[in-house]
Structures are given as structure tokens and as C-alpha cells.
Amino acid sequence: MNYEETLLKYKLIKIKVVPSRDSLTSEIYQLFYSFFKSLVGKEVVVELKNDLSICGTLHSVDQFLNIKLTDISVTDPEKYPHMLSVKTCFIRGSVVRYVQLPADECDTQLLQDATRKEAAQNKQR
């Protein structure tokens, strides 16, 4: 089973981390943590497991993939009117379904190579 998926959709990259109890999990989280640290200051869309999508500037990320966004807006304000007055938010990593990035902000070849390497190591174990 793949631990992460990289999907190209509407000129956005969607990254999904599927947690597991495997020993590779910490290595995968470290890979994504390093990747997200390089995106601080960039515009991202975070889709939560409750179907709420929040667009904002990535302010910080920690080793648990908790995310802090500034200057946020909700993609569906009619469904979530209470979020209109919120300008900054902290998102717990365990409730994130996808993080969408502009395709020109990341090296897809590097991500695909890292994914293949992790999958090959997983098959050997």
C-alpha cells in the first residue's frame, strides 16, 4: 500500500499522507515535514477530513504536520459562514486530508522519486 499519493489536478498538487503503524511512518513524516518547511510563506489550500477547505498563507508547520495558516479564506463561505471572520488558524495534522499546492511551487520529479524510493524500501522489509 502506498503511504503517500501525489495527484496532479487542475494545476494543483494534492499531497496525502496515509498514517500507518509501520516503522517507516516517522521517515515519511520527516520527508513531508522537510518539504512543507520549504513552502513557508506560500499560498496553500488545506482540505480537512470534515470537507472544509481553507486557503491561506503557510506560516508554520511542525513535526506532527500541524499547520498554521494566516490570511485565510474558506472556499465555501455559504456552508461555513462562521469562518468568515477568522484570519489565522491552527490545524491539527491528524485532521488534514489533503494539502493543495500550486504546481509551480514544488518539484514534482523530486517528490515522485522520493515516493518511489520509500515504496521500494517498504517492499524490501
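For the structure itself, consult the block above.
Quick notes on the rules
Residues numbered from 1 in each chain as written. Predicted model: local features only at pLDDT ≥ 70, side-chain atom pairs only at ≥ 80, totals over all residues. Heavy atoms only, no water. Helix = DSSP H or I, 4+ residues; strand = E, 2+ residues; numbered from the N terminus. Buried < 20%, exposed > 50% of the residue type's maximum accessible area, 1.4 Å probe, protein only. Contact = heavy atoms within 4.5 Å. Pairing = 2+ DSSP bridges. Polar contact = N/O pair within 3.5 Å; in protein donor to acceptor, adjacent residues only side chain to side chain. Salt bridge = Lys/Arg side-chain N within 4 Å of Asp/Glu carboxyl O.

Caption draft 1: Structural context of the overall build of the chain. Looking only at helices and strands, the chain features two helices and seven strands. Reading the helices (α) and strands (β) of the chain from amino to carboxyl end gives β-β-α-β-β-β-β-β-α. Within the span of the chain, comprising 125 residues, buried residues form 38% of the whole. Considering only contacts in the chain between residues 6 or more positions apart, those separated by 24 or more positions represent 51%.

Caption draft 2: Seen up close, the pairing of strand β5 (residues 67-74). Strand direction decides the pairing type here: strand β4 (residues 53-61) and β5, joined by six bridges, are antiparallel. Opposite Cys55, over in β5, you have Ser73 as the bridge partner. Joining the antiparallel neighbours β4 and β5 is a turn of five residues, in which Leu65 adopts a positive phi near 60°. Summarising the sheet, β5 and strand β6 (residues 88-91) pair through four bridges and their orientation is antiparallel. The residue of β6 that forms the bridge with Leu69 is Cys89.

Caption draft 3: Expanded view of the environment of Lys49. Among the secondary structure elements, Lys49 is positioned in the loop between β3 (43-48) and β4. A polar contact is formed between the side chain of Lys49 and the backbone oxygen of Ser94, at a distance of 2.9 Å.

Caption draft 4: Up close: the pattern of salt bridges. Under the criterion given, the structure shown has three salt bridges. Put simply, Asp51 and Arg97 hold a salt bridge, and the shortest N to O gap is 2.7 Å. Placement of Asp51 in the loop between β3 and β4 and of Arg97 in strand β7 (residues 96-102) is noted, with a sequence separation of 46 residues between them. Taking the shortest distance from any N to any O, the salt bridge between Arg116 and Asp113 comes out at 3.2 Å. Placement of the pair is Arg116 and Asp113 together in helix α2 (residues 108-124), with a separation of three residues, close to one helical turn.

Caption draft 5: Fine view of the pairing of β7. In terms of burial, β7 is largely enclosed, as five of its seven residues are buried. One ladder, built from four bridges, connects β3 with β7; its direction is antiparallel. For Val45, the partnering residue across the bridge sits in β7 and is Gln100.

Caption draft 6: View of unusual backbone geometry. A positive phi angle, near 75°, is found at Asp51, a position not held by glycine. A relative accessible area of 46% places Asp51 in the partly exposed class. Even without being glycine, Asp71 reaches a positive phi, approximately 50°. For Asp71, the position within the fold is in strand β5.

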